[in-house]
Amino acid sequence: MSKELHFEIFLKKNRKSGWALHDALKDRDDAIRKAHGLLREFKDGSVRVTKEKFDEAERKFRSVAIFEGGQDRYKIETENDAKASLPCLTPDDLSKPHARDTIRRSLTGWFERNKAIPMELLHRPDLVETLEASGTELQHAVQKIAVASAQDSDADVQTFVKQLNDLVQKGLKRIYKDQRDGRIPEYPKGKPFAEVAADIHASDSRAYTLRGAMADALKDKRSYGDKLDALLDMSEHLPEEEKAREFARTEVDGYLTDVIGFDAGRDALLGKCNDLGETVERLICLYDGDPHADAMSLAPSGARRMAKRIAAGELDECRSTIAQQLLKELERPKRLRPKSVREEVRLARELAQKLVTCAGQDLPLEQMSKAFTARSARLLQPETIDELLRFSNDANEEIERLLGLEENIVGDANKRKLAGYVRTALGSNKTDQYFVRGEGRPLERMSLMTSLQTRILRSKFCEEDKMDLAQMIDQLGMKIIDDTKILNAVEAGPQPALDKAAGLLKLATAGALPVGECRNDAQARALRQIKSEMGLKEAQAPDARDKLVNIQTMLQKLAS
């Protein structure tokens, strides 16, 4: 048997609460780092980290405390039988989804070594014997479940250990007794699953019997991929009669759920993925029942087969597990597209849009929003922003890229942080040099600034950030006006006063000047021309009506 090593984190939230197993990690530094984080989160709490190493000679786990923090030290609590309550009361309850998931998580290493799943363990005596022969592994799993069960209970750990041991013994006795009595069926070799399921439904009608036959059918499948293919074959060949069909489909769904609950099972389903983004894409296609999507083109046939069954309204338990895995993957700290921030942003937007359309009970909008908010926050790390802005041609493109990121992130805090990056970019010497003293005509640079300002004012930044950023662009525009004297040149030109007024107002209304002092300055100069002696004289001319109507229209536009 291979060596096992992991680190368990126990948490006592306050002086009155009990110790509870909070998490189990494979990396020592990660475990201690998480313990320190828990101490910061629970000011009155205590934390203990233990190293759990499997001793092959004595066939049991050795536990050594490597970190303790807080005022309290770990100790075994006294018994309190009256208040202990388990969700599973009988061996049949162990086949329910929540119980099987608990069994999987508690015995993951053993299952993966034996290439087995919880449903098989509950219906195959040979697997039960193997588990019992593994030494203290079963008891260690019982202890882990007991600690977790006691976390939100007034009962102590030992009470839960006692109840769990009683339940395990009942389950062992039943499966051994059924073996002795010949009540664990063998799967008829070469007989179609539809016939086997229909016969059991007609003669026995017990899910336990069908599960036993299915466990026997999977007995010679020595990889999760082989089990997956065999179960998908079953899902595609169900009995014709409606009740028998539903009877068989429910059990196939449970078995498939167990397989994809393991990393190796999920990998067999999804196939090799180049990055986290591809993994998430395929999970979304599975959840949405879309076997023909581009993301599924290179996936194993099993993924497309399962997507078809989900599209047909089958495999509800599987679909729920896929939803949980999808949320878990979205919350991982890894990048969706590690090689390109811009591809990461594009993909995140596409995934968010697709998930919104297929949101449901298994994928609540609130949880998805939380996941994408956390993912957005990772895009705002300094090194990621540096990568986003790398190889920009000029200051204008840098700001455009930042504003493009704003359209693809969620969360008020993230928007505020991004506004800070935009503020820094606008206030940099590079931006000042490009817009105020850069190449090209001043009005062309002013037009670029106006375009940026328009995007900011239409963005989802908070109002305070919008106004602040818009004002910074306006101030840059005033620098251009002051340095180049461009509006002075219009005023001093040889054109009639009303024509100069119209020209100034056109600059203000046609998007050539930023909102704020720039437009106000142009408007004020235009009004001076209109009210000047020459302007008043021109207004009295017979042909001035069209000019005055045009000027009035532009003034109304500025006032609106």
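Conventions used here
- Residues numbered from 1 in each chain as written.
- Predicted model: local features only at pLDDT ≥ 70, side-chain atom pairs only at ≥ 80, totals over all residues.
- Heavy atoms only, no water.
- Helix = DSSP H or I, 4+ residues; strand = E, 2+ residues; numbered from the N terminus.
- Rg over C-alpha atoms; globule rule 2.2 N^0.38 Å.
- Buried < 20%, exposed > 50% of the residue type's maximum accessible area, 1.4 Å probe, protein only.
- Contact = heavy atoms within 4.5 Å.
- Areas by Shrake-Rupley, 256 points an atom, 1.4 Å probe, with all protein chains shown as cover.
- Lys, Arg positive; Asp, Glu negative; His and termini not counted.
- Charge placed at Lys NZ, Arg CZ, Asp CG, Glu CD.
- Core = buried A, V, L, I, M, F, W, Y, C linked by side-chain atoms within 4.5 Å.
- Phe/Tyr/Trp six-rings, centres within 6.5 Å; stacked < 30°, edge-to-face > 60°.
- Lys NZ or Arg CZ within 6 Å of the ring centre and 35° of its normal.
- Expected span 1.5 Å × (residues − 1).
- Salt bridge = Lys/Arg side-chain N within 4 Å of Asp/Glu carboxyl O.
- Pairing = 2+ DSSP bridges.
- Patch = residues over 30% accessible without salt bridge, like charges linked within 9 Å, V, L, I, M, F, W, Y side chains within 5 Å.
- Axes fitted to C-alpha atoms, helices over the stretch in contact; angles between N-to-C directions.
- Parallel < 35°, antiparallel > 145°, perpendicular 65-115°, else oblique.
- Left-handed = near helix turned anticlockwise from the far one by under 90°.
- Polar contact = N/O pair within 3.5 Å; in protein donor to acceptor, adjacent residues only side chain to side chain.
- pLDDT = per-residue confidence, 0-100.
- Nonpolar A, V, L, I, M, F, W, Y, C, P; charged D, E, K, R; others polar.

Within the protein chain one finds 28 helices and 4 strands. Computed over C-alpha atoms, the radius of gyration of the protein chain comes to 34 Å, more than 25% over the 24 Å expected from 2.2 N^0.38 for 560 residues, which places it beyond the range of a compact globule. Of all 560 residues assigned to the protein chain, the portion counted as buried reaches 48%. A separation of at least 24 residues holds for 66% of the contacts in the protein chain among residues at least 6 apart in sequence. Accessible area of the protein chain: about 28500 Å², with a carbon and sulfur share of 49%. Computing the positive centroid from 93 side-chain charges and the negative centroid from 95, the protein chain places the two 2 Å apart.

Within the largest apolar cluster, 82 residues are counted, with the highest numbers of intra-cluster contacts made by F111, F193, L256, L286, M306 and L355. Every residue in contact with L355, bar those within four places of it in the chain, is listed here: I284, L326, L330, L363, M368 and F372.

All right, on to the packing of aromatic side chains then. Evaluated as defined, the whole model comprises 4 aromatic pairs. Considering the side-chain rings of Y224 and F262, the 5.2 Å spacing of their centres and the 20° angle between planes classify their relative orientation as stacked. In this pair, Y224 sits in helix α10 (residues 224–236) while F262 sits in the loop between α11 (242–260) and α12 (263–270), placing the two residues 38 residues apart along the sequence. The residues Y224 and F262 share a single accessibility class, namely buried. One aromatic cluster is present, formed by W110, F111, Y224 and F262 through successive ring pairs. One cation-aromatic arrangement involves R104 over F262; the distance from NZ or CZ to the ring centre is 6.0 Å.

Below, the discussion takes up helix α16 (residues 341–357). Compared with the 24 Å implied by 1.5 Å per residue over 17 residues, the 25 Å span of α16 between its first and last C-alpha is a close match. Of the residues making up α16, those classed as buried are V341, E344, V345, L347, A348, L351 and L355. Looking at the buried positions of α16, the neighbouring elements they touch are α13 (276–288), α15 (316–330), α17 (365–378), α18 (382–389) and α19 (395–406).

One non-glycine residue, L315, lies in the positive phi region at around 60°. You can see L315 is positioned in the loop between α14 (301–311) and α15. We classify L315 as buried; its relative accessible area is 2%. Its identity is not glycine, yet K485 carries a phi of approximately 55°, on the positive side. Considering the arrangement of structural elements, one finds K485 in the loop between α23 (463–484) and α24 (486–491).

Right, let's get into the pattern of salt bridges. Tallying each qualifying case throughout the model produces 52 salt bridges. For R206, the salt bridge goes to D204, with nearest N and O atoms at 3.2 Å. Look at D204 and you get partly exposed, because its relative accessible area is 31%. Between R249 and E246 there is a salt bridge, and its shortest N-O distance comes to 2.2 Å. Here E246 and R249 lie together in helix α11, a separation of 3 residues that amounts to about one turn.

Below, the discussion takes up helix α6 (residues 137–149). For α6, built from 13 residues, the straight-helix expectation of 18 Å at 1.5 Å per residue is met to within 8% by its first-to-last C-alpha distance of 18 Å. Those residues of α6 that fall on the buried side of the exposure criterion are E137, L138, H140, A141, V142, K144, I145, A146 and V147.

Along strand β1 (residues 5–12), 7 of the 8 residues are buried, which leaves the element largely enclosed by surrounding structure. Inspection of the sheet shows β1 paired to strand β2 (residues 20–25) by 5 bridges, in the antiparallel sense. Along β2, the bridge assignment pairs E8 with A24.

Moving on, we get to a nonpolar patch on the surface. A grouping of L457, M467 and V515 is seen on the molecular surface, where their side chains present a nonpolar patch of about 240 Å² in accessible area. Turning to its location among the elements, M467 is positioned in helix α23. Classification of M467 by relative accessible area gives partly exposed; the value is 46%.

If you want to describe how two helices pack, look at the angle between their axes and the distance between the axes. At a minimum axis separation of 12 Å, helix α26 (residues 517–531) and helix α28 (residues 545–559) run at an interaxial angle of 150°. The pairing of α26 with α28 is recorded here as roughly antiparallel in orientation. Taken as a pair, α26 and α28 cross one another with a handedness that is left-handed. Every residue of α28 that contacts α26 at R519, Q523, L527 and I530 is listed here: I551, L555 and L558.

Our focus in this paragraph is the side chain of D258. Mapped onto the fold, D258 is located in helix α11. There is a polar contact of 2.9 Å between the side chain of D258 and the backbone nitrogen of M119. Non-local contacts of D258, meaning those with residues more than four positions away in its chain, are made with R100, I117, P118 and M119.

Now for the environment of L298. The residue L298 is located in the loop between α13 and α14 in this model. With 83 residues separating them along the chain, L298 and Q381 place their C-alpha atoms 32 Å apart.

Looking at the protein chain, pLDDT values average 89 and 94% of them are 70 or higher. Note on residues 76–82: pLDDT is under 50 here. Beyond four places in sequence and across chains, it has 15 contacts.

Along the chain, D432 turns up in helix α21 (residues 429–436). A distance of 2.8 Å separates the side chain of D432 from the side chain of K479, its partner in a polar contact. Not counting residues up to four positions away in its chain, the partners in contact with D432 are R437, L476 and K479.

What follows is about the packing of α10 against α14. Two elements in contact, α10 and α14, have axes separated by 11 Å at closest approach and are oriented at 30°. By the angle class used here, α10 and α14 are roughly parallel. Here the hand of the crossing between α10 and α14 comes out left-handed. Along the contact surface, α10 presents L228, D229, L232, D233, S235 and E236, while α14 presents G302, R305, M306 and R309. Residues belonging to the contact of α10 with α14 are distributed by class as follows: 3 nonpolar, 2 polar and 5 charged.

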